[in-house]
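# Examination of the molecular architecture
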Amino acid sequence: MNLHEYQGKEMLNSFGVRIQRGIVATTPEEAVEAAKKLTKETGTSWYVVKAQVHAGGRGKGGGVKLAKSQDEVKSIANDILGMMLVTPQTSAEGKLVNQVLITEDVYYPGDNEPEEYYMSVLLNRETGRNMIMYSTEGGMDIEKVADETPHLIFNEEIDPALGLLPFQARKIAFNLGLSGGALKEMMKFVSSLYTAYVKSDSSLFEINPVLKTSDDKIMAVDAKVTLDNSALFRHKDYAELRDLREENPIEVEADAAGLSYVDLDGNVGCMVNGAGLAMSTMDLIKQSGGDPANFLDVGGTADAERVEIGFRIILKDPNVKAILINIFGGIVRCDRVAEGIVEAYKNMGDEIKVPIIVRLQGTNAKEAKVLIDESGLPVHSVVEFQEAADKVHEVLA
Ligand code: GDP
Ligand code: MN
């Protein structure tokens with residue numbers, strides 16, 4: 001689950017990470033109130049208005065703007081709220097902006113120039129350890145830095161038994177070119193950031209930029225936080241931060257029905273029980289010349305109701321040209337699944353306008369095939385994996 005920037009920053013701050021202060025607003029009037037409050041608290045006279053959507057690159061899309069007065073805060077908030085923000089990370093139509101974060105301006109002039117760094121915390125799946133990835137090249141596309149100047153990206157791996165050690169925090173600050181007070185600040189920043197990552201059960205932090213202000217303070221100016229969904233039961237307060245408006249509506253509906261569904265770009269919808277079988281079914285579709293339109297695992301209980309919900313969810317995708325149902329009857333018997341499919345089809349027959357291929361294998365597979373064949377429904381039933389592939393190929397041709 002992803003958090004908005006303002007939510008991520010508040011969470012980080014609760015673990016002692018210094019952040020650029022901000023207040024979220026949903027109307028231009030609230031934005032002005034927020035600006036007044038920020039000036040009282042921080043003394044700032046300039047502000048930044050930042051669109052709150054789950055996508056990066058907002059600055060490039062016109063979703064992050066500097067305001068040099070409270071009047072400007074009002075007019076910029078008015079422009080950004082309600083806009084469809086297009087960034088390199090959104091679709092072409094963009095994302096609706098429901099909220100803006102009004103922040104203090106932290107790029108104020110002083111003894112030194114403000115400097116931007118990049119820092120993320122994530123799991124290195126090869127070593128099974130958390131790592132801190134960081135670079136002096138903050139503020140810009142880290143993908144570009146990785147492509148063109150990979151030697152400017154550093155990694156620090158963390159031993160899970162020891163946690164982040166002080167010498168590691170010092171090394172990071174040193175590699176970022178810091179000394180004196182800024183080095184000490186960075187060490188504190190890194191260690192509280194890592195504590196936040198572990199304690200919040202996050203799977204990704206990306207802070208771009210981490211800023212060194214002109215008076216040597218180190219703070220998070222942006223925050224991308226992804227929480228581990230499997231650990232959300234331990235963090236009821238974070239679970240409440242979920243913003244369903246930011247998520248794919250079909251995925252939200254599937255989730256509510258207890259199905260694991262991931263929307264994809266292809267033309268063959270698939271419904272499978274078990275993640276492994278779902279993966280190989282997607283491979284099968286690819287080999288037959290199709291492209292999977294989704295990943296859908298109906299889990300162990302493929303009864304009529306779940307099959308129908310699955311159907312309905314798959315059919316919401318207008319790109320679907322065929323549906324492949326591939327169920328292994330282990331605990332759930334194939335004839336029960338077949339009954340479920342027939343029943344679901346009868347309930348929504350008119351709504352199904354694409355060919356359906358059903359492969360049932362396992363307990364009572366033969367009985368299941370008979371049930372489907374004798375139902376009189378326009379459903380192709382097959383038993384072997386290869387037959388399923390051939391049928392998909394045939395109906396797409
Ligand atoms: P992103 O474009 O979605 O990654 O949004 P960011 O939160 O990273 O903001 C984009 C850019 O806005 C930053 O890289 C900064 O250059 C700029 N920015 C953010 N905060 C301030 C600020 O307080 N003052 C000024 N002058 N610029 C800021
Ligand atoms: Mn950023």
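Residues numbered from 1 in each chain as written. Chains lettered and ligands numbered in written order. Predicted model: local features only at pLDDT ≥ 70, side-chain atom pairs only at ≥ 80, totals over all residues. Heavy atoms only, no water.

### A few points about the site of ligand 1
Operational definition: Only heavy atoms are used to decide nearness, and a residue is near a molecule or strand if one of them lies within 4 Å of it. For the purposes of these results, a polar contact is taken to be a pair of N or O atoms within 3.5 Å, where, inside protein, one atom must be able to donate a hydrogen and its partner to accept one; residues adjacent in sequence count only when each atom of the pair is a side-chain atom. Accessible surface is estimated by sampling points in the Shrake-Rupley manner with a 1.4 Å probe; for residues, cover comes only from the protein chains shown. A run of H or I in DSSP becomes a helix once it reaches four residues, and a run of E becomes a strand once it reaches two; helices and strands are each numbered from the N terminus. As a working rule, the residues Ala, Val, Leu, Ile, Met, Phe, Trp, Tyr, Cys and Pro are called nonpolar, Asp, Glu, Lys and Arg charged, and the rest polar, with Gly in that last group. Throughout, the edges of the domains are those of an automatic or database domain assignment.
Every one of the 18 residues lining ligand 1 counts as a neighbour, but Lys-50, Arg-58, Gly-59, Asp-105 and Val-106 are closest to it. Take Gln-20: an N or O atom from its side chain is 3.0 Å from an oxygen atom of ligand 1. Burial of ligand 1 by the surrounding chains reaches 79%, relative to a free accessible area of 570 Å². Taken together, the elements giving at least two residues each to the shell around ligand 1 come down to β2 (47–51), β3 (64–67) and β10 (202–212). Its residues assigned to classes, the shell around ligand 1 shows seven nonpolar, five polar and six charged. A domain split of the shell around ligand 1 shows at least three residues from each of domain 1 (1–20 + 108–247) and domain 2 (21–105).

### Focus: unusual backbone geometry
Of note, the bond from Asn-208 into Pro-209 is cis; its omega dihedral lies within 30 degrees of zero at 10°. The topology assignment puts Pro-209 in strand β10. If you check the backbone angles, Asp-201 has positive phi at about 55° while not being a glycine. Relative to the assigned elements, Asp-201 resides in the loop between α6 (180–199) and β10.

### Some remarks on the coordination of the manganese ion (ligand 2)
Basically, it comes down to this: Water is absent from the atoms considered, so a metal site may look incomplete; donors are defined as N, O and S atoms within 2.8 Å of the metal, or 3.2 Å for Na, K and Ca.
Only Asn-208 (O) and Asp-222 (OD) from the protein reach the manganese ion (ligand 2) as donors, at distances of 2.2 Å. In this pair, Asn-208 is assigned in strand β10 and Asp-222 in the loop between β11 (218–220) and β12 (224–227), connecting sequence segments 14 residues apart.

### Notes on the pattern of salt bridges
Using the following cut-off: We count a salt bridge whenever a side-chain nitrogen from Lys or Arg sits within 4 Å of a carboxyl oxygen from Asp or Glu. Burial classes follow relative accessibility: with a 1.4 Å probe on protein chains only, a residue under 20% of its type's maximum area counts as buried, one over 50% as exposed, and anything between as partly exposed.
Summed over all chains, the structure comprises 24 salt bridges. For Asp-216, the salt bridge identified is with Lys-212, shortest N-O distance 3.6 Å. A relative accessible area of 27% means that Asp-216 is categorised as partly exposed. Among the residues examined, Lys-212 registers a relative accessible area of 9% and is labelled buried. Connected via shared salt-bridge partners are Glu-5, Lys-9, Lys-50, Arg-58 and Asp-222.

### Quick word on the environment of Ile-218
Let me state the cut-off plainly: Between two residues, a contact is recorded if the distance between any of their heavy atoms is within 4.5 Å.
Its place among the elements puts Ile-218 in strand β11. Classification of Ile-218 as buried rests on a relative accessible area of 1%. The contact partners of Ile-218, leaving out residues within four places of it in the chain, are Arg-18, Leu-178, Ala-182, Glu-185, Met-186, Phe-189, Val-210, Leu-211 and Lys-212.

### Remarks on the packing of helix α9 (residues 275–287) against helix α13 (residues 385–396)
Geometrically, a packed helix pair is captured by the angle between its two axes and the distance between the axes. Our working rule: As a rule, the C-alpha atoms of each element are fitted with a line to give its axis, helices using only the stretch in contact, and angles between N-to-C directions run from 0 to 180 degrees. Throughout, the term roughly parallel applies to angles under 35 degrees, roughly antiparallel to angles over 145, roughly perpendicular to angles from 65 to 115, and oblique to all others. Whether a crossing is left-handed or right-handed is set by the direction in which the near helix is turned from the far one by less than a right angle, anticlockwise for left-handed and clockwise for right-handed.
Close contact between α9 and α13 brings their axes to 10 Å; oriented N to C, the two are set at 45°. Here α9 is positioned oblique relative to α13, judged by the angle of their axes. Our pair here, α9 against α13, has a crossing hand that is right-handed. When α9 is examined against α13, the residues Leu-277, Ser-280, Thr-281 and Leu-284 are found in contact with a partner set consisting of Phe-385, Ala-388 and Ala-389.

### Brief notes about the domain arrangement of the chain
Along its sequence, the chain is carved into domain 1 (1–20 + 108–247), domain 2 (21–105) and domain 3 (248–396). In this structure, domain 2 and domain 3 have C-alpha centres spaced 44 Å apart.

### Side note on the sheet that holds β2
The cut-off we apply is this: Each pair of strands is called paired provided DSSP finds at least two bridges between the two strands.
Overall, antiparallel pairing links the four strands, which are arranged β1-β6-β2-β3 in an open sheet. Only two strands of the sheet have a single neighbouring strand rather than two, namely β1 (22–25) and β3. Neighbour-to-neighbour, the strand axes of the sheet open up by a mean angle of 25°, direction not taken into account. Looking at chain direction, β2 and β3 are connected through four bridges and run antiparallel. Within β3, the position partnered with Val-49 by the bridge is Lys-65. Against the sheet, helix α1 (residues 5–14) engages β1, β2 and β6 (100–104), with an angle of about 50° to β6. Of the strands in this sheet, β1, β2 and β6 are in contact with helix α2 (residues 28–42), which crosses β6 at around 25°.

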